[in-house]
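Breakdown of the fold
Chain residues, written in single-letter form:
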Amino acid sequence: APALDARELYRFYRAGEEETLALRGVSLTVAPGELVAVVGPSGSGKSTLLACLAGLDEPAGGSVRIAGERISHRPEAERAGIRARRIGILLQTENLIAHLDVARNIRLARTAAGRHGTPAQDIDVLLDQVGLLGRAHALPRELAGGEVARAALAVALANDPDLLLADEPTGELDGSTEHRILELLRARGSDGRRGVLLVTHSTAVLAGADRVLTLRDGRLRA
Ligand code: ADP
Ligand code: ADP
């Protein structure tokens, strides 16, 4: 099954008399092993699309499947469970809990997916992947900017998700950290089992994507 299979997504916002059609029949797939980038101007529907794909928001119409499992049109508790097990999410808002160290943040994400008692060596494997070995016991405020981004990525990858969804994952990073994160995201797809979908403005990230899709006024084009 595709890592992501979204079909004919519609999402409306109603505010008083006004109605905004944020998504107007958006379909997209991410094959296992693919890194797909979405670009689009502000207001084109990117945040809404990511929220619907992650099951944080419900589309009015259409369906979303993650590795074959439908996440759309289910009760919130079921969506949360599928999200925890199958999706890694990197949004622009921080996904780290401030009073928990890096290892505890990772354990929390594992626990949310029903995986209890992760051994310390598994945490170290994950930290090594993102270049944060030795920082397991640092609090988020003790990390430098680039380290925070990598810790956030480690949390997003904590459950080895079928699909990683990311909003500007390299947004405020310097060139070398951006390159490193991009390499990591690309490597995730290379075993041909998992997919990555990200929203970005970065030309470096776009150059590294397998496909680039453009969102405009709630419609997606290749
Ligand atoms: P960006 O510029 O990063 O693409 P926006 O600034 O358009 O994103 O939106 C940021 C957040 O504000 C989004 O989560 C969106 O849901 C919310 N938002 C955008 N437009 C409106 C609106 N007209 N009314 C209420 N919330 C909105
Ligand atoms: P982007 O992330 O590309 O900036 P959004 O998904 O935030 O786009 O917004 C898409 C459209 O939906 C915009 O016209 C925005 O103003 C509108 N919108 C987003 N969130 C809300 C909301 N909570 N209430 C009303 N309108 C919204």
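Not measured: the values here are computed from a predicted model.

So, on to the site of ligand 2. The immediate surroundings of ligand 2 are formed by Y13, T20, A22, P41, S42, G43, S44, G45, K46, S47 and T48. Within the side chain of S47, one N or O atom sits 2.5 Å away from an oxygen atom of ligand 2. Here ligand 2, which alone exposes 560 Å², has 60% of that area covered by the protein. When contributions to the shell around ligand 2 are tallied by element, the ones reaching two or more residues are β2 (18-30) and α1 (46-53). The dominant element in the shell around ligand 2, judged by the number of residues it contributes, is α1, at three residues. Considered class by class, the residues forming the shell around ligand 2 number three nonpolar, seven polar and one charged.

Quick look at the packing of helix α3 (residues 102-112) against helix α5 (residues 145-156) now. Where α3 meets α5, the axes come as close as 8 Å, and the angle between the chain directions of the two elements is 25 degrees. Comparing their axes, α5 and α3 come out roughly parallel. Here α3 runs over α5; the crossing is right-handed. Residues V102, N105, I106 and A109 of α3 lie in contact with α5, whose contacting residues are A151, A154 and V155.

Let's shift gears to empty space enclosed by the protein. Going through the model one piece at a time under the given rule, you end up with one cavity of 30 Å³ or more. Taken as a whole, the largest cavity encloses approximately 40 Å³ of empty space. Lining the largest cavity, in full, are L50, A54, L56, I89, L91, L165 and A166. Of the residues in the lining of the largest cavity, the class split is seven nonpolar, no polar and no charged.

This part is about the sheet that holds strand β1 (residues 4-15). Strand pairing within a sheet occurs via backbone hydrogen bonds; the two strands may be parallel or antiparallel. Spatial ordering of the open sheet is given by β2-β1-β4-β5, a layout of four strands whose pairing is antiparallel. The strands lining the two open edges of the sheet, one partner per strand, are β2 and β5 (69-70). Two strands pair when backbone bridges link them, and strand β4 (residues 61-66) and β5 are joined in this way by two bridges, in the antiparallel orientation. Bridge assignment links R65 to a residue of β5, and that residue is R70. Against the sheet, α1 contacts β1, β2 and β4, and its axis sits at roughly 120 degrees relative to β1.

Here we take up the pairing of strand β7 (residues 163-167). With five of its five residues buried, β7 lies for the most part within the structure. Burial along β7 is two-sided: L163, L165 and D167 facing one way and L164 and A166 facing the other are all buried. Relative to β7, strand β6 (residues 87-90) runs parallel, the two being bridged by four bridges. Residue I89 lies in a different strand from β7, and its bridge partner there is L165.

About the thresholds
- Residues numbered from 1 in each chain as written.
- Chains lettered and ligands numbered in written order.
- Predicted model: local features only at pLDDT ≥ 70, side-chain atom pairs only at ≥ 80, totals over all residues.
- Heavy atoms only, no water.
- Near = heavy atom within 4 Å.
- Polar contact = N/O pair within 3.5 Å; in protein donor to acceptor, adjacent residues only side chain to side chain.
- Areas by Shrake-Rupley, 256 points an atom, 1.4 Å probe, with all protein chains shown as cover.
- Helix = DSSP H or I, 4+ residues; strand = E, 2+ residues; numbered from the N terminus.
- Nonpolar A, V, L, I, M, F, W, Y, C, P; charged D, E, K, R; others polar.
- Axes fitted to C-alpha atoms, helices over the stretch in contact; angles between N-to-C directions.
- Parallel < 35°, antiparallel > 145°, perpendicular 65-115°, else oblique.
- Left-handed = near helix turned anticlockwise from the far one by under 90°.
- Contact = heavy atoms within 4.5 Å.
- 1 Å grid on protein atoms, 1.4 Å probe; cavity = no way out; pocket = protein on both sides within 12 Å on 5 of 7 lines; lining within 4 Å.
- Points joined across faces, edges and corners; volume = space filled by probe spheres on them.
- Pairing = 2+ DSSP bridges.
- Buried < 20%, exposed > 50% of the residue type's maximum accessible area, 1.4 Å probe, protein only.

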